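# Report on the structure
Spelled out from the first residue to the last, the chains are:
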Amino acid sequence: MKEALLYQKYDKNKVRCDLCAHRCVIHPGKAGICMVRENINGILYTKVYGRSIARHIDPVEKKPLYHFYPGSKAYSIATPGCNFHCIFCQNWDISQLTNSELLESGPEATPEQIARNAEQTGCKSIAYTYTEPTIFFEYSYDTARLAHEAGLKNIYVSNGYMTHEMLDMIRPYLDAVNIDLKAFRDKTYRRIIGARLQPVLDSLKKIKQLGIWLEVTSLIIPGINDDTSEIRDMANFVASELGADVPWHISRFFPAYKMKDVPQTPIQTLRMAKAIGIEEGLNFIYIGNTSNTGDMNTKCPQCDYLLIERLNFGILKNNIKDGHCPKCGIKIAGVGLY
Ligand code: SF4
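Residues numbered from 1 in each chain as written. Predicted model: local features only at pLDDT ≥ 70, side-chain atom pairs only at ≥ 80, totals over all residues. Heavy atoms only, no water.

## Section: the overall build of the protein
Going by this rule: Secondary structure elements are taken from DSSP: a helix is a run of H or I of four residues or more, a strand is a run of E of two residues or more, and numbering for both begins at the N terminus. Based on C-alpha atoms, the radius of gyration is set beside the globule rule, defined as 2.2 Å times the residue count to the power 0.38. Relative accessibility under 20% of the residue-type maximum defines a buried residue, over 50% an exposed one, and the middle range a partly exposed one, all with a 1.4 Å probe and only protein chains included. Contacts between residues were defined by any pair of non-hydrogen atoms, one from each residue, lying within 4.5 Å. All accessible areas in this document rest on Shrake-Rupley with a 1.4 Å probe, and a residue is counted as covered only by the protein chains that are shown. For the purpose of counting charges, residues Lys and Arg are taken to be positive, whereas Asp and Glu are taken to be negative. His and the chain ends are not included. To locate a charge, take atom NZ for lysine, CZ for arginine, CG for aspartate or CD for glutamate.
Scanning the protein from terminus to terminus reveals nine helices and 17 strands. Taken over the C-alpha trace, the protein has a radius of gyration of 20 Å; the compact-globule value for 338 residues is 20 Å, and the two agree within 12%. Within the protein, buried positions represent 54% of all 338 residues. Nonlocal contacts in the protein, meaning residues at least 24 apart in sequence, comprise 65% of its contacts between residues at least 6 apart. Of the roughly 13,900 Å² of accessible surface on the protein, a fraction of 48% belongs to carbon and sulfur atoms. Here the protein carries 40 positive and 36 negative side-chain charges, and the mean point of each set is 0 Å from the other.

## Side note on the site of the ligand
Applied cut-off: Nearness of a residue to a molecule or strand requires only that one of the residue's heavy atoms be within 4 Å of it. Residue type decides the class: Asp, Glu, Lys and Arg count as charged, Ala, Val, Leu, Ile, Met, Phe, Trp, Tyr, Cys and Pro as nonpolar, and the leftover types, Gly among them, as polar.
The local shell around the ligand consists of Cys17, Leu19, Cys20, His22, Arg23, Cys24, Ile26, Gly32, Ile33, Cys34, Arg37 and Asn83. Classifying every residue of the shell around the ligand gives seven nonpolar, three polar and two charged.

## Some points on the nonpolar core
Inclusion rule: Take the buried residues of types Ala, Val, Leu, Ile, Met, Phe, Trp, Tyr and Cys, join any two whose side-chain atoms come within 4.5 Å, and each joined set is a nonpolar core.
With 84 residues, the main nonpolar core has Leu181 and Leu204 as its most contacted residues. Residue contributions to this core peak at seven residues, all from helix 8 (residues 228-242). Beyond its immediate stretch of four places on either side in the chain, leucine 204 contacts Ile179, Leu181, Leu214, Val216, Phe237 and Leu242. Judged by nonpolar contacts, the second largest core, of 22 residues, contains Tyr69, Ala127, Trp213 and Met296.

## Here's the deal with the sheet that holds strand 1 (residues 2-3)
Definition in use: The rule for pairing is simple: two strands pair if DSSP sees at least two bridges between them.
Spatially, the three strands line up as an open sheet ordered 1-6-5, and their pairing is antiparallel. Looking at strand neighbours, the two that pair on one side only are strand 1 and strand 5 (37-40), the edges of this open sheet. In terms of strand pairing, strand 1 meets strand 6 (residues 43-46) through two bridges, oriented antiparallel. Within strand 6, the residue paired with lysine 2 across the bridge is threonine 46.

## Considerations on the packing of aromatic side chains
Worth spelling out the cut-off: Each pair of aromatic rings taken from Phe, Tyr and Trp, with Trp reduced to its six-membered ring, is defined by centres within 6.5 Å and is described as stacked if the planes are under 30 degrees apart, edge-to-face if over 60, and tilted in the remaining cases. Only lysine NZ and arginine CZ atoms are considered, and such an atom sits over a ring when it is within 6 Å of the ring centre and within 35 degrees of the ring normal.
Taken as a whole and judged by the stated rule, the model has eleven aromatic pairs. Here phenylalanine 68 and tyrosine 69 contribute two aromatic rings whose centre-to-centre distance is 5.0 Å and whose plane-to-plane angle is 90 degrees, an arrangement assigned as edge-to-face. Judged by its relative accessible area of 2%, phenylalanine 68 is buried. The structure contains a cluster of three or more aromatic residues connected by ring pairs, namely Tyr49, Phe136 and Tyr139. The side chain of lysine 124 reaches across the aromatic face of tyrosine 69, ending 4.6 Å from its centre.

## A closer look at helix 7 (residues 197-210)
Quick note on the threshold: Multiply 1.5 Å by the residue count of a helix minus one, and that product is the helix's expected span.
Its 14 residues give helix 7 an end-to-end C-alpha distance of 20 Å, which sits within 8% of 20 Å, the value for a rise of 1.5 Å per residue. Of all the residues in helix 7, the buried ones are Leu197, Pro199, Val200, Leu201, Ser203, Leu204, Lys206 and Ile207. Each element contacted by the buried residues of helix 7 is listed here: helix 5 (164-170), strand 11 (176-180), helix 6 (186-192), strand 12 (213-220) and helix 8. Two residues or fewer after helix 7 comes glycine 211, characterised by a positive phi angle close to 80 degrees.

## A closer look at the side chain of serine 52
One can find serine 52 in the loop between strand 6 and strand 7 (54-59). On the basis of relative accessibility, which here comes to 3%, the residue serine 52 falls in the buried class. Ignoring sequence-local partners within four residues, the contact set of serine 52 consists of Ala78, Pro107, Ala109 and Tyr139.

## Some words on the environment of lysine 182
In this fold, lysine 182 is placed in the loop between strand 11 and helix 6. Here lysine 182 falls in the buried class, since its relative accessible area comes to 15%. For the pair lysine 182 and asparagine 319, spaced 137 residues apart in sequence, the C-alpha to C-alpha distance is 32 Å. Ignoring sequence-local partners within four residues, the contact set of lysine 182 consists of Phe84, Cys86, Phe88, Asn159, Tyr189, Ile193, Leu219 and Asn225.

## So, the pattern of salt bridges
As a reminder of what qualifies: Only one rule defines a salt bridge in this text: a Lys or Arg side-chain nitrogen within 4 Å of an Asp or Glu carboxyl oxygen.
As enumerated under the stated definition, the model contains 16 salt bridges in all. Lysine 274 is paired through a salt bridge with aspartate 295; the nearest N and O atoms lie 3.9 Å apart. Taken together, the residues lysine 274 in helix 9 (residues 267-279) and aspartate 295 in the loop between strand 14 (285-288) and strand 15 (298-299) connect sequence positions 21 residues apart.

## Describing the sheet that holds strand 3 (residues 15-17)
As summarised here, the arrangement of the three strands in space is 2-3-4, forming an open sheet in which the pairing is antiparallel. In this open sheet, the two strands that pair with only one neighbour each are strand 2 (7-9) and strand 4 (25-26).

## As for the side chain of glutamate 132
Put simply, the rule reads: In protein, a polar contact means a hydrogen-donor-capable atom and an acceptor-capable atom, both N or O and within 3.5 Å, with residues adjacent in sequence counting only if both atoms are side-chain atoms; elsewhere, any N or O pair within 3.5 Å suffices.
The residue glutamate 132 is located in the loop between strand 9 (125-128) and helix 4 (137-149) in this model. In this structure, glutamate 132 is buried with no salt-bridge partner, the nearest side chain bearing the opposite charge being lysine 182 at 7.3 Å. At 2.6 Å, the side chain of glutamate 132 forms a polar contact with the side chain of threonine 134. With near-sequence residues (within four places) excluded, glutamate 132 lies in contact with Gly81, Cys82, Asn83, Val157, Ser158 and Asn159.

## Observations regarding unusual backbone geometry
With an omega of -5 degrees, the peptide bond running from lysine 63 to proline 64 counts as cis. In this fold, proline 64 is placed in the loop between strand 7 and strand 8 (73-78). Despite not being glycine, leucine 6 shows a phi value in the positive range, around 60 degrees. Looking at the secondary structure, you find leucine 6 in the loop between strand 1 and strand 2.

Next comes the structure, spelled out in structure tokens:
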């Protein structure tokens, strides 16, 4: 165990964790909502530092990030645990662990080992993903600093529930983020996720202000967040508060974890969401988790020229020239687009 960052000490050995918007006040001998951070005699510890329960080399498109060094590889790591308790979690077997022994059971890998492995395997970046990087902040922070020294980029794939203090601290080392905007109704966040909507919206705006490359993902779940007015609210927020050039990934739901009784999202619903996103002014909308590869291509928002052709998570062709459309010449939003 390692002493946590970003917490305050109170009287009677109580502490308050300032890592995520839950801001848990934790009594001695107790853990926070994530179960990952525990108060031992007035000191807050993280149980998952160095516990890399998952390590894979993924295409960066799988995060998903479509406008950040397309076609590159991301060395992807996770520790056990999460600060959300989504009943539809796709990675529940590693994110929803509450037992102390299981949380501390991941294979050990130091930040130095992670950075070295990423470099040796030809990865462009390290992605902190699969579970929630906020709850393994200390591990990701130490790794991210070493990654930058080695010339690697850092990516968070996150639920967006981190505090502004945390974002300010990781900012010098964080190059790109994909945030899940899981719904646009606070009651949905409270009922099936165990969190609130507003802190996620605040994080999205803060990430944009900090100048970190941002893409947004919304999993569309039948009967939960597939109402046209809610989808319009999501798309309108992304376009008006974050910018028309922020890529929006509309993702297809498949039954999982405690939500096996809900059917997969119909393709028509995803197409309807895309049409709404276009009406709201978004320039880059992608449909994920389907077999229709045309929905993954990048087209010029001005002249409709095919810029990046994708197959599954691979790049078939990248026509972008020096970051611009080769046909009409407008600059295409993104980082390392070629
Ligand atoms: S990371 Fe969030 S859930 Fe975990 S202890 Fe801190 S404030 Fe609570």
